[in-house]
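Below are the chains, spelled out letter by letter.
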Amino acid sequence: MFCHQCEQAAKGIGCDVLGVCGKQPDVAALQDNLLYGLKGLAIYADEARKFGAKDREIDVFLIEGLFATVTNVDFDPARLETTIKKCHEMKEKAKTLYENAAGCKAEAGILQKLKALFTGDEAKTCQEVAAPAAWVPAADLVKQGEQYGVMAFHSDPDVRSGIEILTYGLKGMAAYADHCQILGKHNDEIYAFFHKALAATADPALGLMDYVGLSMECGKHNLTIMGLLNEGHVERYGHPVPTPVNLGTKAGKAILVSGHDLLMLEELLKQTEGKGINIYTHGEMLPAHGYPGLKKYAHLAGNFGGAWQDQHKEFPEFPGAIIFNTNCIQKPADSYTGRLYTWGLVAWPGIQHIEGWDFSPVIEKALSLPGFEEAPGKDILVGFGHNAVLGVADKVIEAVKGGAVKHFFLIGGCDGAKPGRNYYTEFAEKVPQDCIILTLACGKYRFNKLDFGDIGGIPRLLDVGQCNDAYSAIQIAVALAGAFECGVNDLPLSMVLSWYEQKAVVILLTLLHLGIKNIKIGPSLPAFITPNVLNFLVENFNLAPITTPDQDLKQILG
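Conventions used here
- Residues numbered from 1 in each chain as written.
- Predicted model: local features only at pLDDT ≥ 70, side-chain atom pairs only at ≥ 80, totals over all residues.
- Heavy atoms only, no water.
- Pairing = 2+ DSSP bridges.
- Helix = DSSP H or I, 4+ residues; strand = E, 2+ residues; numbered from the N terminus.
- Axes fitted to C-alpha atoms, helices over the stretch in contact; angles between N-to-C directions.
- Contact = heavy atoms within 4.5 Å.
- Expected span 1.5 Å × (residues − 1).
- Buried < 20%, exposed > 50% of the residue type's maximum accessible area, 1.4 Å probe, protein only.
- Polar contact = N/O pair within 3.5 Å; in protein donor to acceptor, adjacent residues only side chain to side chain.
- Right-handed = clockwise from strand over helix to strand, strands pointing away.
- Phe/Tyr/Trp six-rings, centres within 6.5 Å; stacked < 30°, edge-to-face > 60°.
- Lys NZ or Arg CZ within 6 Å of the ring centre and 35° of its normal.
- pLDDT = per-residue confidence, 0-100.

Colleague: Just to check I follow, could you spell out the sheet that holds strand 3 (residues 277-282) for this structure?
Modeller: Sheet strands pair by backbone hydrogen bonding; their relative direction is either parallel or antiparallel. With parallel pairing, the six strands of this open sheet are ordered in space as 4-3-2-5-6-7. A single partner strand is all that each edge strand has here, and the edge strands are strand 4 (300-303) and strand 7 (352-354). On average, each strand axis in the sheet is inclined to that of its neighbour by 30 degrees, with strand direction left out of account. Docked against the sheet, helix 13 (residues 360-368) engages strand 2 (253-258), strand 3, strand 5 (321-324), strand 6 (340-343) and strand 7, running at close to 135 degrees with respect to strand 2.

Listed below in structure tokens is the structure:
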């Protein structure tokens, strides 16, 4: 195996024996095989769309397949093998769609053309595998997948880096697109781009700047997807409002929900109402407490624990059932495997998976367990989405013009276990008292329990929400730029981001698409970015790695 799609890549280079995330070599090979098959599907779906032919089942399967290969989602070889076989069915369906629309057999058209691309040195570089359009699952899916790893993407390391950036951006965007389609939100333009861009990653005729352009386009479409997801959440649950969330416990049976999916949480809340079970959020589910349509459930009791990487320490102490609804799962400890469940695209070998929307097994397990005693804790505030912040924009603008607020810092992103992330705690603590901190995603757990006080009634720490709520942060920045009649880069606003997996990659692409510069990123730079590609990002966007809190604050504030 060789994988370096996340920040924890072994030795800062890549995992080649076992994934730091817990991914076994067979799972890595199966995910590479699935990705290759998805490229074949995308090739046909893209060509079919040129003739006006499209299919929603194909579109949704593509994003689900991509999301299944995101870090900390699907670790189950059996489920991945099933997904690979379905991928072939969907590829053949897309092939037929293309043939019917184009009025010719694929072998006489696109497939013959694609096979011709893989000749000579390029074929050797790609280990003489057939073009993805000709892909057929082999009897040994693991052995087959070993041919399709990232090192086979391209012989030129800079071009390969460009392909990887685009691929990981597509994976991250697929996560948000999947949340959208679960809510019934679809966008044909976005689906068309998925097919076009993923098909392009298999085209050896393209160069680095082609992939740079597609990556910027990916960032553009991700902004649309995050906006669509925001729309879906607001339509169903209302705009988030500032809400205190208790970190203690209530007496009673308990279920802990980890992940990102709000609709799954809502269904669980409905099914547990009146049963004496309290529902607790974990990780990126924390912002759920700010939505009126979810906080109305009295048994949405509070938040338990912190970010995803602490689950080994925290879950043994949770005396109820636990369920994951999106990425963030780690290899479970024996002490809680019997009360752990997965849902959606998340899977771990030997862990019971909930298919569909019936959470009876989780509920029955929770009722059989002891639950919590009453132990209230401190409150933290969530719910500062763009609607809430812009609702007091006049006070914010007045505070800036009057000198009470000197600077805004967006400190957020993914948290992780790798050393160096204490930087973000220290940075937040050292931010001057006349500055406001915006935060989002699970990186906030590094400092969201600290007391930052307020400036004229405006809390100095504003929790914007989940990682996808980068959309809200962008809307706040754009609105402030409009109010001050300047560009976003001219605002007294600095972004200090932490990253871990592919959703962070696509959010970065969105920020770069918007032309936002001077972003600081850490705790380390992606292993898949070559020095030449990094130089391009530095020269065009002044993207820079974090150094120390003192140095970075001095450089930002002067």
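From this point, the narrative continues.
Colleague: How should helix 1 (residues 25-49) be read in this particular structure?
Modeller: Each full turn of the α-helix corresponds to 3.6 residues, which orients residues three or four apart in the same direction. The end-to-end C-alpha distance of helix 1, which contains 25 residues, comes to 36 Å, matching closely the 36 Å that a straight helix rising 1.5 Å per residue would cover. Of all the 25 residues making up helix 1, 23 are buried; the element is thus mostly covered by neighbouring parts of the structure.

Colleague: Just to check I follow, could you spell out the sheet that holds strand 13 (residues 461-465) for this structure?
Modeller: Strand order in this open sheet of six strands is 13-10-9-14-15-16, and the pairing throughout is parallel. At either end of the open sheet lies a strand with only one pairing partner, and these are strand 13 and strand 16 (544-545). With four bridges connecting them, strand 10 (residues 435-440) and strand 13 associate as parallel partners. Its bridge partner lying in strand 13, Ile 437 is registered against Leu 461. Packing of helix 16 (residues 422-430) onto the sheet brings it into contact with strand 9 (407-413), strand 10, strand 14 (493-498) and strand 15 (520-522), and relative to strand 14 it is tilted by some 155 degrees.

Colleague: Is there a simple way to explain the side chain of His 233 in this structure?
Modeller: In this fold, His 233 is placed in helix 9 (residues 208-237). Of the residues examined, His 233 reaches a relative accessible area of 4% and is grouped as buried. Not counting residues within four places of it along the chain, the set of residues in contact with His 233 comprises Leu 183, Gly 238, Leu 262, Tyr 291 and Asn 468.

Colleague: Even after reading the chapter, I still don't get helix 8 (residues 188-200), so can you show me in this structure?
Modeller: Along its 13 residues, helix 8 runs 18 Å from first to last C-alpha, staying within 8% of the 18 Å computed at 1.5 Å per residue. Where helix 8 is concerned, the buried positions are Ile 190, Tyr 191, Phe 193, Phe 194, His 195, Ala 197, Leu 198, Ala 199 and Ala 200. As for helix 8, its buried residues are in contact with helix 1, helix 2 (56-68), helix 7 (157-182) and helix 9. Put simply, Asn 187 is the residue that caps the front of helix 8, since its side-chain oxygen is 2.9 Å from the backbone nitrogen of Glu 189.

Colleague: Hey, could you run me through the pairing of strand 14 in this one?
Modeller: One face of the sheet, then the other: side chains in a regular strand alternate in exactly this way. Counting buried residues in strand 14 gives six out of six residues, a clear majority hidden from the surface. Residues Leu 493, Met 495 and Leu 497 of strand 14 are buried on one face, and the alternating residues Ser 494, Val 496 and Ser 498, pointing to the opposite face, are buried as well. The sheet contact formed by strand 9 and strand 14 spans six bridges and is parallel. From the neighbouring strand, Leu 410 faces strand 14, where its bridge partner is Met 495. On the question of chirality, the crossover connecting strand 14 to the parallel strand 15 by way of helix 18 (residues 502-513) is right-handed.

Colleague: How should I be thinking about the environment of Thr 272 in this particular structure?
Modeller: Here Thr 272 is to be found in helix 10 (residues 262-272). Residue Thr 272 is classed as buried on the basis of its relative accessible area, which comes to 1%. When residues no more than four places from it in sequence are discounted, the contact partners of Thr 272 are Ile 255, Ile 277, Ile 279, His 299 and Ile 363. Of note is the side chain of Thr 272, whose polar atom sits 2.7 Å from the backbone oxygen of Leu 268.

Colleague: Mind showing me how you'd approach the packing of aromatic side chains here?
Modeller: Two numbers describe a pair of aromatic rings. These are the distance of the centres and the angle of the planes. All told, the structure shown has 20 aromatic pairs when counted by the stated rule. Taking 3.8 Å as the distance between ring centres and 5 degrees as the angle between the ring planes, the aromatic pair formed by Tyr 36 and Tyr 148 counts as stacked. Within this pair, whereas Tyr 36 is found in helix 1, its partner Tyr 148 is found in the loop between helix 6 (141-145) and helix 7, the two being separated by 112 residues in sequence. Residue Tyr 36 is classed as buried on the basis of its relative accessible area, which comes to 9%. Accessibility expressed as a relative area gives 9% for Tyr 148, which makes it buried. Every member of this aromatic cluster is reached through a ring pair, and the members are Tyr 280, Phe 304, Phe 318 and Phe 372. Just above the ring of Phe 153 sits the side chain of Lys 39; from NZ or CZ to the centre is 3.9 Å.

Colleague: Is there a simple way to explain the confidence of the model for the chain in this structure?
Modeller: Low pLDDT means the predicted coordinates in that region are not meant to be read closely. Looking at the chain as a whole, the pLDDT averages 94, with 96% of positions reaching at least 70. Low confidence marks residues 118-130, where pLDDT is under 50. Its contacts with residues over four positions away, or in another chain, come to 20 contacts.

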